[in-house]
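Examining the three-dimensional arrangement
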Amino acid sequence: IFVQANNRIFGVILWFMLLGPAGAWLFRVSDLMRRRAAFEAARGAAAGQGLGHALAALHGLLAWIPARLAAAAYALAGSFEDAVGNWRVAVDRAAESLLDRSEDLLARVGCASLQPSLAGLPAEALDAATARGAWRIVSRSTWIWLAVIALLVLAGAAS
């Protein structure tokens, strides 16, 4: 939930703010194309693996900034101390790619902001109540983003 919220909400909002509709479109399409390339690679189509790696790298670059901002919002919306502690753990872990590191950060910080004991659990061990709690964290984070955007707009209008 936390990773997909970044791919479908926070990343789109950030790139819309920075580059307008073209930025939002670029971010969302890079995610969709990356997913399609991964699906084709899983089916055994080896011809598009180079393209799949390039698309994953592009989406990893585009997702880096919104992932950190979303993780900060998750920490503010939930258990701040536990989220920051797990942020440090995610930074210390080495992952294969920039996208993997961003997704690991979002998952760890999101789960820790939800409840400290959930940070190390695999996704299969989580239940529907936990998913509803995760959605509440994402909803609160969205309100935090909207408040910050409103303040930025008001500050821009005042100057």
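If you're wondering where the values come from, they're calculated on a predicted model, not measured in any experiment. (Residues numbered from 1 in each chain as written. Predicted model: local features only at pLDDT ≥ 70, side-chain atom pairs only at ≥ 80, totals over all residues. Heavy atoms only, no water.)

1. Here we look at the confidence of the model for the protein
Definition in use: Note: pLDDT gives the predictor's confidence per residue, expressed from 0 to 100. A run of H or I in DSSP counts as a helix once it spans at least four residues, and a run of E counts as a strand once it spans at least two, with each numbered from the N terminus.
Mean pLDDT over the protein works out to 87, with 90% of the residues at or above the 70 mark. At the low end of the mean pLDDT range in the protein sits helix H4 (residues 80–92), at 82; at the high end sits helix H1 (residues 2–19), at 96.

2. Description of the pattern of salt bridges
Keep this limit in mind: The salt bridge criterion pairs a side-chain nitrogen of Lys or Arg with a carboxyl oxygen of Asp or Glu, the two atoms within 4 Å. Each residue is placed in one exposure class: buried if its accessible area under a 1.4 Å probe, protein chains only, is under 20% of its type's maximum, exposed if it is over 50%, and partly exposed if it falls in between.
In the structure shown here, the tally under the stated rule is 6 salt bridges. Close ionic contact of Asp 31 with Arg 35 constitutes a salt bridge, the shortest N to O distance being 3.4 Å. With Asp 31 and Arg 35 both in helix H2 (residues 21–43), this residue pair falls 4 residues apart, about one helical turn. You can call Asp 31 buried: its relative accessible area is 0%. A salt bridge links Glu 40 to Arg 43; the nearest nitrogen and oxygen atoms lie 3.6 Å apart. Remark: Arg 43 and Glu 40 occur in helix H2; sequence separation between them is 3 residues, near one turn of the helix. Residue class for Glu 40 comes out partly exposed when judged on its relative accessible area of 22%. By relative accessible area, Arg 43 is classed as exposed at 58%.

3. Re the packing of helix H3 (residues 49–77) against H4
Convention followed: Helix axes are fitted only over the stretch in contact, all axes being lines through C-alpha atoms; the angle between N-to-C directions runs from 0 to 180 degrees. In what follows, a contact means two residues having at least one pair of non-hydrogen atoms within 4.5 Å. For this classification, Asp, Glu, Lys and Arg are treated as charged, while Ala, Val, Leu, Ile, Met, Phe, Trp, Tyr, Cys and Pro are nonpolar and the rest, including Gly, are polar.
Two elements in contact, H3 and H4, have axes whose closest approach is 7 Å; the angle formed by their N-to-C orientations is 145 degrees. Contacts between H3 and H4 involve Arg 68, Ala 71, Ala 72, Ala 75 and Leu 76 on the former and, on the latter, Phe 80, Ala 83 and Trp 87. Split by residue class, the contact of H3 with H4 holds 7 nonpolar, no polar and 1 charged.

4. Considerations on the packing of H3 against helix H6 (residues 128–158)
Filter applied, for reference: Roughly parallel covers angles under 35 degrees, roughly antiparallel covers those over 145, roughly perpendicular covers 65 to 115, and oblique covers all other angles.
Two numbers describe how H3 lies on H6: the axes approach to 8 Å, and their chain directions differ by 110 degrees. Regarding the angle of H3 to H6, the classification is roughly perpendicular. Residues Pro 66, Leu 69, Ala 70, Ala 73, Tyr 74, Leu 76 and Ala 77 of H3 touch H6, and the partners they reach there are Ile 137, Val 138, Arg 140, Ser 141, Ile 144 and Trp 145.

5. Concerning a nonpolar patch on the surface
Our working definition: Excluding any residue in a salt bridge, patches collect residues exceeding 30% relative accessible area, merging like charges within 9 Å and nonpolar Val, Leu, Ile, Met, Phe, Trp and Tyr side chains within 5 Å. Residue burial considers only the protein chains on display, and all accessible areas are found by Shrake-Rupley using a 1.4 Å probe.
A surface patch of nonpolar side chains, about 470 Å² in accessible area, is lined by Met 17, Leu 18, Leu 19, Val 148 and Leu 152. When residues of the nonpolar patch are traced back to their parent elements, those giving at least two are H1 and H6. Residue contributions to the nonpolar patch peak at 3 residues, all from H1. The topology assignment puts Leu 152 in helix H6.

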